[in-house]
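So the chains spell out like this:
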Amino acid sequence: MQRRLAALWLLAVLLLAGHNAWLWLGQRASPDTDILALLPSSRNDAVLQQAFSHMVDTSQQKVVVLVGDADWERATRAADAYLAALRPQAALVAPMAGSAQLQEQWLNVFGNSRTLLLTEAQRAQLAQASPQQWSQQALAGMYGAFGGPKLGAWQDDPFGLFAGWIQERARETPVRPRDGRLFVERDGKSYVLLLLELKASAFSLQAQEQVVPLLANARQAALAQAQAAEVVTGGVVLHAAAAGEQASGEMATIGTGSLIGILLLMWLSFRSLKPILYIAASIAVGCLGALSVSMLLFGHVHLLTLVFGASLIGIAQDYGIYFLCARLGTAESVSSPQLFRQLLPGLALMLLAAVIGYLGLAATPFPGLQQMAVFSALGLVFAWLTVACWFPQLVGPKSLRATRAADALSRSIERWPDFLGGHAWHLMLPAAVGVIGLCLAGLVKLQASDDIRALQKTPQALLDDQIRIGKLLDMAAPVQFYLVRGESADAVLQQEEQLAQRLQPLVDAHLISGVQAVSNWVPSQAMQQRNLALLQQSLLDARDGQPAALAQVAEAIGESSQWVAGMRARLLERARPMTPDAFLASAAGEATRHLWLGKVDGGYASIVALRGLSDYRRLGELAEVAAKVPGVQWVDKVGEISSVLKYYRQYMGWALLAAYAAIFALLSLRYRRRAWRALAPPLLATGLTLGLFGWLGLPLQLFHVLAALLVLGLGVDYGIFLLEPARRERRYAWLTVCLSAVSALLSFGLLALSGSPPLHAFGLTMLCGMLLVWLLAPCFTFPNRQHRAHEGNEHDDHVH
């Protein structure tokens, strides 16, 4: 039966190897680098999640480049050189359609509705100014004196209302057309704005490897034309590439360093290649199986999952080490299959305890953490099955010999202090009380921090460029906005208009510089009709006994009443109602398209974005405005995710306590009154680690709690190693603990060096926790000689 299982497992491993080859050779397993994929979706609000995705998806395929110089001509030459360097790779990245013909687009889109478009200031002026004042303004526009900007013929906009409306719309951005280009001016420099569009996904590793060097070459080409020029670049692809490069480097460092350390450890312990190959085989099968099944379950694997999975090497080898060390301490008369049957209860408990720890990760709403947990748990299962199926056949009674180093390490437990008895008990008690007191004081000092911004680390150069672009272009942040919902599209526009009025005091107070909304361009139907009625009353009809403003203009230029009737008809012809769909389908609506969600579950929805938010400490004032307008919801994605982190930090804290209770019940079935000894080391280690963080001023985060779950799942293994059968030499059980602990420390020690704050926090907790578990485990589970005989008999009676 054992041989048939080994053969069947060999067939399964060959299938896994073939599936992995198919995935990698066909580039189907290209890791995902989208950091947002690791974050939780909005709980129970599909429209809110759609709104956030809509805002993010709009920007992720764009690259914004600003080429600036004190001299406009030099700036344009540098920008032309930049574009020329990109031209051969137009299939990869290309300039977006420019807006140099924006005036013509506006005229085409709004030409038939221009009479319906008024600014707030124009509405106030129409209500207050006399017909004579308006006629003078029209005459000034006709003769060019102080007439303001003109768009089209004077007859189409005699009072300059449409031109004024367009001018206010243009204030939503500092970008202006100049010489057929888009430009912005600031701090004595003129910047040419280049908008680029990626043809491949910004999160594709292959695209990142091509785009980033291409943009760097284009930058050098621009600087070659104007050495004093400033080239500022921003885009999701640059941040994704930086994160991907860091994660790839860490994956290689952690995985390679852990593997080399484990192999060196095995060589020093057994001085043979066979144990090394056996351990490497179990690890390799674990990784192959984890990747294959994860791809089948999720359809993709995130790059950080592979980084986290690289630390799996330090855990998956525990089962093989356990069997090899047990083989060393067992008589040659006992065959390896017989030995495996003796070890099976302990091995099963080890796997189950570790999987319980990883299931704690899978219980979070974070897709990335769920994937990491499933990947790791699968890797352990496949490694465990490899040990169970192959090791009893490969490792014979005479195939292993312990080295001097291994023998010395296994005997070191004889000198370990005993917390449960012995002559030094009265000396160790005060020290233990002192350490526990310091631990409790540290726990009191421990502060929690759930700010999502503390979990990201962007290269400073990229961050500086992004801030510079935001200031130059007065861009709206995609993570703070208002979500507006209504029963119809027009109801949404009306609510946007109410919201804009409520926000005006905050604009006047310079908390924000303005808002971006579809209603800025397409007023609600009610507003359009009010505008038309106001215009007719103030300009086309007689008022307060005075001739209409249009009639006064005709009299001043010597025109007849027929001219007045013709002008009136001309203006009213350009009063066709506008709709959001028509505007957004036009070229002029492209820049606003991302703000309109359209028809959603339960009605319609849109986004109102904020420009120039100056003080993030006053976000509460913006949230208060939303409560005053029906159907409007304030969205602060940073605050929302931070609150989710807090909720699940607390939730996982209770889950940690539940896991201790579940594992205690599980161990009690086998070890009865001795079960607490296996749990005491990870419990104390977790408390000491968190107390240390309190003294060091490190804030408690969700990832520290998640690591504490794994400290429990892995640390309890050491108790199982030392509490298992008294028939076996316990010093070889201690050798198992040492080899396993050093391997885990190698893996998680390297993970603590990660530049990713979540992985660093996770790794640092595991590093401190597992080191303490290693030191504490024999103090509770390896009693002195006075206790060994009694407990050995108790255990033997229980086994029999």
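Because the structure is predicted, anything quoted here is derived from the model rather than measured.

Before going further, it helps to spend a moment on the overall build of the protein. Tallying secondary structure elements over the protein gives 29 helices and 11 strands in all. The proportion of buried residues among the 800 residues of the protein is 53%. As presented, the protein carries roughly 35000 Å² of accessible surface, and 59% of it is formed by carbon and sulfur atoms.

The next thing to look at is the environment of alanine 200. Residue position: alanine 200 is located in the loop between strand 5 (189-198) and helix 8 (205-225). Through-space distance from the C-alpha of alanine 200 to that of glutamine 61 is 8.0 Å; in sequence the pair is 139 residues apart. Ignoring anything within four residues of it in the chain, the contact list for alanine 200 reads Gln61, Leu92 and Ala207.

Summary statistics for the protein give a mean pLDDT of 82 and a share of 88% for residues scoring 70 or more. Within the protein, the lowest mean pLDDT, 42, falls on helix 29 (residues 785-799), and the highest, 94, falls on helix 18 (residues 489-508). Here residues 784-800 is a poorly scored stretch, pLDDT under 50, and it has 27 contacts once near neighbours within four places are set aside; other chains count.

It is worth spelling out the pairing of strand 1 (residues 62-69) at this point. With seven of eight residues buried, strand 1 is to be regarded as a mostly interior element. Looking at chain direction, strand 1 and strand 6 (residues 230-235) are connected through six bridges and run antiparallel. Paired with glycine 68 across the strands is glutamate 230, a residue of strand 6.

Moving on, we get to helix 26 (residues 702-723). For helix 26, which comprises 22 residues, the first-to-last C-alpha distance of 32 Å matches the rise-based estimate of 32 Å (1.5 Å per residue) to within 8%. Most of helix 26 sits out of view: 22 of its 22 residues are buried.

Here helix 25 (residues 675-696) crosses helix 28 (residues 757-781) at 140°, and the two axes come no closer than 8 Å. Comparing the axis directions of helix 25 and helix 28 gives the class oblique. In the packing of helix 25 onto helix 28, the handedness of the crossing is right-handed. Where helix 25 abuts helix 28, its residues Trp676, Arg677, Ala678, Ala680, Pro681, Pro682, Leu684, Ala685, Leu688, Thr689, Leu692 and Phe693 lie against Leu764, Thr765, Cys768, Gly769, Leu772, Val773, Leu776, Ala777, Phe780 and Thr781. In terms of residue class, the contact of helix 25 with helix 28 is made up of 17 nonpolar, four polar and one charged.

Another aspect to go through is the pairing of strand 11 (residues 632-636). Of all the five residues making up strand 11, four are buried; the element is thus mostly covered by neighbouring parts of the structure. Direction of pairing for strand 7 (residues 476-486) relative to strand 11: antiparallel, over a ladder of five bridges. Opposite leucine 483, over in strand 11, you have glutamine 633 as the bridge partner.

What follows covers the pattern of salt bridges. For the structure on display, the rule yields 15 salt bridges. Among the ionic pairs, aspartate 407 bridges to arginine 411, the shortest N-O distance being 3.1 Å. Linking aspartate 407 with arginine 411, this pair stays in helix 15 (residues 404-411), spanning four residues, or about one helical turn. With a relative accessible area of 40%, arginine 411 lands in the partly exposed category. Notably, a salt bridge pairs arginine 649 with aspartate 450, separated by 2.8 Å at the nearest N-O pair. Here the residue arginine 649 occupies a position in helix 24 (residues 637-671), and aspartate 450 occupies one in the loop between helix 16 (425-445) and helix 17 (460-473), the gap between them amounting to 199 residues.

Looking at the element boundaries, aspartate 69 is found in strand 1. The exposure class assigned to aspartate 69 is buried, which follows from its relative accessible area of 2%. A distance of 2.9 Å separates polar atoms of two side chains, one belonging to aspartate 69 and the other to arginine 74. If we ignore the near neighbours within four places in the chain, the residues touching aspartate 69 are Arg74, Ala75, Lys189, Ser190, Ala226, Ala228 and Ala229.

Looking now at the nonpolar core. Among the nonpolar cores identified, the biggest contains 121 residues, and Met266, Tyr319, Leu667, Tyr718 and Met766 are the most heavily contacted of them. Tallying contributions element by element places helix 26 first for this core, with 17 residues. Look past the residues within four positions of tyrosine 319 in its chain and what remains in contact with it is Leu347, Met350, Leu351, Ala354, Leu380, Ala383, Trp384 and Val387. Counting residues in hydrophobic clusters, the runner-up holds 49 residues, among them Met55, Trp165, Trp596 and Leu622.

With that settled, consider helix 23 (residues 619-627). Within the sequence span of helix 23, burial applies to Leu619, Leu622, Val625 and Ala626. For helix 23, the angular spread of the buried residues around the axis is 110°, confining them to a single face. In this structure, helix 23 carries Glu624 and Ala627 as exposed residues pointing more than 90 degrees from its buried face. Buried residues in helix 23 make contact with strand 7, helix 18, strand 10 (603-611) and strand 11.

Moving on, we come to the packing of aromatic side chains. With the rule as written, the count across this model stands at 16 aromatic pairs. For the pair phenylalanine 162 and tryptophan 165, a centre-to-centre distance of 6.1 Å together with 15° between the ring planes defines the contact as stacked. Separated by three residues within a single helix, phenylalanine 162 and tryptophan 165 lie in helix 7 (residues 161-170), roughly one turn from each other. The two residues phenylalanine 162 and tryptophan 165 agree in class, both being buried. Counting every residue linked through ring pairs, the aromatic cluster contains Phe110, Phe162, Trp165, Trp521 and Phe583.

As a further point, take a nonpolar patch on the surface. On the surface, a nonpolar cluster with roughly 500 Å² of combined accessible area is contributed by Leu264, Trp267, Leu268, Leu273 and Leu277. Of all the secondary structure elements, the ones that give two or more residues to the nonpolar patch are helix 9 (236-270) and helix 10 (273-298). Among the elements that make up the nonpolar patch, the one with the highest residue count is helix 9 (three residues). Mapped onto the elements of the fold, leucine 273 is located in helix 10. Note on leucine 273: relative accessible area 57%, which makes it exposed.

With that settled, the discussion passes to the packing of helix 27 (residues 730-751) against helix 28. Between two packed helices, the angle of one axis relative to the other and the distance separating the axes together describe the packing. Contact pair helix 27 / helix 28: the axes reach a minimum separation of 8 Å and the direction vectors enclose 165°. Our classification of the angle between helix 27 and helix 28 gives roughly antiparallel. Handedness of the crossing formed by helix 27 with helix 28: left-handed. Each of Arg730, Trp734, Val737, Cys738, Ala741, Val742, Leu745, Phe748, Gly749 and Leu751 in helix 27 lies in contact with helix 28, whose residues at this interface are Leu759, His760, Phe762, Gly763, Met766, Leu767, Met770, Leu771, Trp774, Pro778 and Thr781. Its residues assigned to classes, the contact of helix 27 with helix 28 comprises 16 nonpolar, four polar and one charged.

A few words on unusual backbone geometry. Not every positive phi belongs to a glycine, and arginine 271 is a case in point at roughly 50°. Take arginine 271: it is sitting in the loop between helix 9 and helix 10. Overall, the relative accessible area of 49% leaves arginine 271 in the partly exposed class. Of note in this structure, histidine 510 is not a glycine but carries a positive phi near 65°. Turning to its location among the elements, histidine 510 is positioned in the loop between helix 18 and strand 8 (514-516).

As for its placement among the helices and strands, asparagine 20 is situated in helix 1 (residues 2-25). Looking at asparagine 20, the relative accessible area reads 5%, which means it is buried. For asparagine 20, the contacting residues outside a window of four places in its chain are Leu288, Leu291 and Ser292.

Scoring rules and cut-offs
- Residues numbered from 1 in each chain as written.
- Predicted model: local features only at pLDDT ≥ 70, side-chain atom pairs only at ≥ 80, totals over all residues.
- Heavy atoms only, no water.
- Helix = DSSP H or I, 4+ residues; strand = E, 2+ residues; numbered from the N terminus.
- Buried < 20%, exposed > 50% of the residue type's maximum accessible area, 1.4 Å probe, protein only.
- Areas by Shrake-Rupley, 256 points an atom, 1.4 Å probe, with all protein chains shown as cover.
- Contact = heavy atoms within 4.5 Å.
- pLDDT = per-residue confidence, 0-100.
- Pairing = 2+ DSSP bridges.
- Expected span 1.5 Å × (residues − 1).
- Axes fitted to C-alpha atoms, helices over the stretch in contact; angles between N-to-C directions.
- Parallel < 35°, antiparallel > 145°, perpendicular 65-115°, else oblique.
- Left-handed = near helix turned anticlockwise from the far one by under 90°.
- Nonpolar A, V, L, I, M, F, W, Y, C, P; charged D, E, K, R; others polar.
- Salt bridge = Lys/Arg side-chain N within 4 Å of Asp/Glu carboxyl O.
- Polar contact = N/O pair within 3.5 Å; in protein donor to acceptor, adjacent residues only side chain to side chain.
- Core = buried A, V, L, I, M, F, W, Y, C linked by side-chain atoms within 4.5 Å.
- Arc of directions from axis to C-beta.
- Phe/Tyr/Trp six-rings, centres within 6.5 Å; stacked < 30°, edge-to-face > 60°.
- Patch = residues over 30% accessible without salt bridge, like charges linked within 9 Å, V, L, I, M, F, W, Y side chains within 5 Å.

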